Amino acid sequence: MDSRIRPYVLHAGFYNIYLLGHIMIDWPLITCLVERWRPETHTFHVPIGEMTITLQDVAIILGLRIDGPTVTRTCVLDVAELCGELLGVTLPAEALKGFAISIRWLCQQLSTLAPDTDEVTLQ
């Protein structure tokens, strides 16, 4: 990550997510959890009883803040256009699935910044 961007990522509270890097998915564990999930009660049934994952659990694991105002709204927007406006890069169709942008593509685009990048663009 470019050192000029780091303060903004820290301020937004996403630096811990950046530090996670690439996560290897444990497919046998995922399969086991799927087999133990009970959609009727939204819990996992394990030998010692029932278990669920709360928002607080996710916040602690990922280091994200969960306090403050809720961020919600209806999204009717052109993601490619918004990407161009906010990031200054053209989003190819293969880097977009619904409203999700490929993290690999995003990292490739933002891994290096021009030395003369202005403060507004950095923010």
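Remember, predicted model here, so these are calculated numbers, not experimental data.

Participant: Can you help me understand the nonpolar core in this one?
Facilitator: Here is a general trend for soluble globular proteins: nonpolar side chains tend to be buried in one another's company. If you look at the biggest cluster of nonpolar residues, it comprises six residues: Val 79, Cys 83, Val 89, Leu 91, Ala 95 and Trp 105. Excluding anything up to four places from it in sequence, Ala 95 contacts Ala 100, Ile 101, Ser 102 and Trp 105.

Participant: What's the story with the packing of aromatic side chains in this structure? I'm lost.
Facilitator: Under the defined criterion, the tally for this structure stands at one aromatic pair. Between Trp 37 and Phe 44, the ring centres sit 4.8 Å apart and the planes meet at 65°, which makes this aromatic pair edge-to-face. On the accessibility criterion, Trp 37 (32% relative accessible area) is partly exposed. Judged by relative accessible area, Phe 44 falls into the buried class, the value being 10%.

Participant: I'm lost on unusual backbone geometry in this one. Help?
Facilitator: If a residue is not glycine, its phi is most likely negative; likewise, a peptide bond is most likely trans. One non-glycine residue, His 42, adopts positive backbone phi at about 55°. Within the element layout of this structure, His 42 appears in the loop between strand E1 (37-38) and strand E2 (43-46). The class of His 42 is exposed, set by a relative accessible area of 52%.

Parameters and conventions
Along each chain, numbering runs from 1 in the same order as the chain's sequence is written. It should be noted that, the model being predicted, local features are given only for residues of pLDDT at least 70 and side-chain atom pairs only at 80 or more, the latter also being counted only at that level, while totals for whole chains, interfaces and linings use all residues. Hydrogens and waters are ignored; side-chain quantities use all the structure's heavy atoms. Only buried residues count toward a nonpolar core, which is a set of Ala, Val, Leu, Ile, Met, Phe, Trp, Tyr and Cys residues joined through side-chain atoms within 4.5 Å. Relative accessibility under 20% of the residue-type maximum defines a buried residue, over 50% an exposed one, and the middle range a partly exposed one, all with a 1.4 Å probe and only protein chains included. When checking whether two residues touch, look at their non-hydrogen atoms; a contact exists if any pair is within 4.5 Å. Any two of the Phe, Tyr and Trp rings considered here, Trp counted by its six-membered ring, make a pair once their centres fall within 6.5 Å; the pair's planes then place it as stacked at under 30 degrees, edge-to-face at over 60, or tilted in between. Numbering of helices and strands starts at the N terminus; helices are DSSP runs of H or I of at least 4 residues and strands are runs of E of at least 2.

Keep in mind that these numbers describe shape and distance, not what the molecule does.
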